[in-house]
Amino acid sequence: MLSDRIGAKARGLQDQPPLSVAEKLLLLVCAAALVFACAAGYAELDRQGKARNALTQVKAAQLAARAVAAQCHAAGTPYADQTSRDGFAAGIAEAIETLGSLPGTVTLLQVSADGYTVQQLLYAEGEMRALYDAKTGYTVWRAEPRLRFDSGVNP
């Protein structure tokens, strides 16, 4: 039996004949399955870690956005500008990213009627995206490109 042979090799008893080809193949398949399971587990843990980091960052972005909105409201300066790329008035996104120490970018998706209360905020860093929604809470997902078509190329 294979387990007896492995035990004899481990104990240093050399009286057992060498492993057959079938036993060697079985050991190889078991080792490959173990390596695959460990690699898959590591990849999942890595994705979970990145998701938790993105959740932490969007919470920091939401708090920083709230603080900057209060400053803008007190000073009477505009906070949101839906015509801009990031949804904020000039310099506001940079102030939020600096205040929150955010390595990614923030985008204002929706603001309340008063113009200072964030309803939806998107945080993007690498392949991770995190959304703050005042009604539903926080959502984190991984965004990866699947297809890309250049605008100047006709198929």
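Residues numbered from 1 in each chain as written. Predicted model: local features only at pLDDT ≥ 70, side-chain atom pairs only at ≥ 80, totals over all residues. Heavy atoms only, no water.

**Notes on the nonpolar core**
For step 1, the next point in the chain: Grouped together as the largest cluster of nonpolar side chains are 25 residues, with contacts concentrated most on Tyr-79, Phe-88, Ile-92, Ile-96, Val-106, Val-118 and Leu-121.
For step 2, the next point in the chain: Within the residue set of this core, elements represented by two or more residues are helix H2 (21–75), helix H3 (92–99), strand E1 (105–111), strand E2 (118–125) and strand E3 (128–133).
For step 3, the next point in the chain: Take this core: its biggest share by element is nine residues, from H2.
For step 4, the next point in the chain: Setting aside residues up to four positions removed in sequence, Phe-88 forms contacts with Tyr-79, Ala-80, Asp-81, Ala-93, Ile-96, Val-106, Thr-107, Leu-108 and Leu-121. (Core = buried A, V, L, I, M, F, W, Y, C linked by side-chain atoms within 4.5 Å. Buried < 20%, exposed > 50% of the residue type's maximum accessible area, 1.4 Å probe, protein only. Helix = DSSP H or I, 4+ residues; strand = E, 2+ residues; numbered from the N terminus. Contact = heavy atoms within 4.5 Å.)

**A few points about the packing of aromatic side chains**
For step 1, the next point in the chain: Using the criterion set out here, one finds three aromatic pairs in the structure.
For step 2, the next point in the chain: Relative to Tyr-116, the ring of Tyr-79 lies with its centre 6.4 Å away and its plane at 35 degrees, an arrangement referred to as tilted. In this pair, Tyr-79 sits in the loop between H2 and H3 while Tyr-116 sits in the loop between E1 and E2, placing the two residues 37 residues apart along the sequence.
For step 3, the next point in the chain: A relative accessible area of 1% means that Tyr-79 is categorised as buried.
For step 4, the next point in the chain: Taken together, the ring pairs connect Tyr-79, Phe-88 and Tyr-116 into an aromatic cluster. (Phe/Tyr/Trp six-rings, centres within 6.5 Å; stacked < 30°, edge-to-face > 60°.)

**Side note on the pattern of salt bridges**
Oppositely charged side chains may form a pair once their charged atoms are brought near each other.
For step 1, the next point in the chain: Evaluated as defined, the whole model comprises two salt bridges.
For step 2, the next point in the chain: Arg-47 is paired through a salt bridge with Glu-44; the nearest N and O atoms lie 3.2 Å apart. Highlighted residues: Arg-47 and Glu-44, both in helix H2, separated by three residues, approximately one helical turn.
For step 3, the next point in the chain: Looking at Arg-47, the relative accessible area reads 34%, which means it is partly exposed.
For step 4, the next point in the chain: We classify Glu-44 as partly exposed; its relative accessible area is 35%.
For step 5, the next point in the chain: The salt bridge partner of Asp-46 is Lys-50, with a shortest N-O separation of 3.6 Å. Here Asp-46 and its partner Lys-50 are both found in helix H2, four residues apart, which amounts to about one turn of the helix.
For step 6, the next point in the chain: For Asp-46, a relative accessible area of 32% puts it in the partly exposed group.
For step 7, the next point in the chain: In this structure Lys-50 comes out as partly exposed when scored by relative accessible area, which is 38%. (Salt bridge = Lys/Arg side-chain N within 4 Å of Asp/Glu carboxyl O.)

Any functional reading would require information beyond the geometric quantities listed.
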